[in-house]
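One-letter residues, chain by chain:
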Amino acid sequence: SSINNGTIHLGGASYYASISQDAVNDGGVIYNSSAAAGASHGHKFHVDGSARMVINGSGNVGIGTSSPVTALTLGSGSTGLSFTSASASFNSGKIAVIKSEEAGSGNGSLVFETYQGGSGGSERMRIDSSGNVGIGTASPNTVTNYTGLTLNNATYGGFIDIENNGTHTFRLLSNTTASYIGTIEADPLVFSTNDTERMRIDASGNVGIGTGTVNIA
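The rules we used
- Residues numbered from 1 in each chain as written.
- Predicted model: local features only at pLDDT ≥ 70, side-chain atom pairs only at ≥ 80, totals over all residues.
- Heavy atoms only, no water.
- Patch = residues over 30% accessible without salt bridge, like charges linked within 9 Å, V, L, I, M, F, W, Y side chains within 5 Å.
- Areas by Shrake-Rupley, 256 points an atom, 1.4 Å probe, with all protein chains shown as cover.
- Salt bridge = Lys/Arg side-chain N within 4 Å of Asp/Glu carboxyl O.
- Helix = DSSP H or I, 4+ residues; strand = E, 2+ residues; numbered from the N terminus.
- Buried < 20%, exposed > 50% of the residue type's maximum accessible area, 1.4 Å probe, protein only.
- Pairing = 2+ DSSP bridges.
- Axes fitted to C-alpha atoms, helices over the stretch in contact; angles between N-to-C directions.

Asker: Lay out a nonpolar patch on the surface in plain terms, naming residues and giving numbers.
Answerer: On the surface, a cluster of nonpolar side chains totalling about 520 Å² of accessible area is made up of Ile 63, Leu 72, Leu 74, Leu 81, Phe 83 and Ile 95. Taken together, the elements giving at least two residues each to the nonpolar patch come down to strand E8 (72–74) and strand E9 (81–84). Classification of Ile 63 as partly exposed rests on a relative accessible area of 38%.

Okay, here's the thing in structure tokens:
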């Protein structure tokens, strides 16, 4: 180890690390490591004698893993990426978490959790290894050769709203007694095939087939 012109050198002939000041740019601190034959061992950050974070020779960062494969890699034991509240008194400051789960060998799911009113986090959405999406369920339904969306609620069911500039225009809803399809505002419900209107139910409930205008006798 040595100090030369304000640079601290660590290591031996085959590899070394250095700490210096970035005098060219903003005066920050530069941490550098290199090895013989142009290889690089990267940087390792240890806590209590164990590596917690690494930066490899390609610049990839690994947390909980010594072999990052992307710009940022979280290890298999990671509890995910969390977002914090302005108040640390709730859920240790957490308000949302994104994490991965592995089912079987190499089958990964992406899980989204949110926290409400200071209570513990709950899973809200999941994308499974087949690309199926579940909202309100950790087990989205699967149909062979199809990709699907499953909405679930333990009390009633689920719904999808399509809006125009914040105004409700169309709704799909299903609960324990029935399933509904319709408009929320005073708009007609139009059915078409081959991009051509075939049937219309106007806001008063009158039905027209083969015509875009419902005549009322």
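That covers the picture; the talk isn't over yet.
Asker: Lay out the sheet that holds E8 with the relevant residues and their values.
Answerer: Pairing is mixed in the open sheet, where 4 strands are placed in the order E5-E6-E7-E8. Strand pairing shows two members of the sheet lacking a second neighbour, strand E5 (43–47) and E8, which therefore form its edges. Averaged over all adjacent pairs, the angle separating strand axes in this sheet is 25 degrees, with direction ignored. Where E5 meets strand E6 (residues 50–55), 5 bridges bridge the pair, whose relative direction is antiparallel. For Lys 44, the partnering residue across the bridge sits in E6 and is Val 54.

Asker: Describe the sheet that holds strand E15 (residues 158–164), and please don't skip the residues or the numbers.
Answerer: Spatially, the 3 strands line up as an open sheet ordered E15-E16-E17, and their pairing is antiparallel. In the strand order of this sheet, the two ends are held by E15 and strand E17 (179–182), each with one partner. Adjacent strand axes in the sheet meet at a mean angle of 20 degrees, parallel and antiparallel pairs treated alike. Pairing of strand E16 (residues 167–174) with E17, which is carried by 4 bridges, proceeds in the antiparallel orientation. When the sheet's bridge partners are listed, Ser 174 is paired in E17 with Ser 179.

Asker: Quick one: what's the story with the pattern of salt bridges, residue by residue and with numbers?
Answerer: Opposite charge on two side chains allows them to pair when their charged atoms are near. The final tally for this structure, using the stated rule, is 5 salt bridges. Linking Glu 101 and Arg 126 is a salt bridge whose minimum nitrogen-to-oxygen distance equals 3.1 Å. One end of the pair, Glu 101, is in strand E10 (residues 94–102); the other, Arg 126, is in strand E12 (residues 122–127), with 25 residues separating them in the sequence. The partly exposed category is assigned to Glu 101, whose relative accessible area is 34%. Note that Arg 126 is salt-bridged to Glu 123, the shortest N-O span being 2.9 Å.

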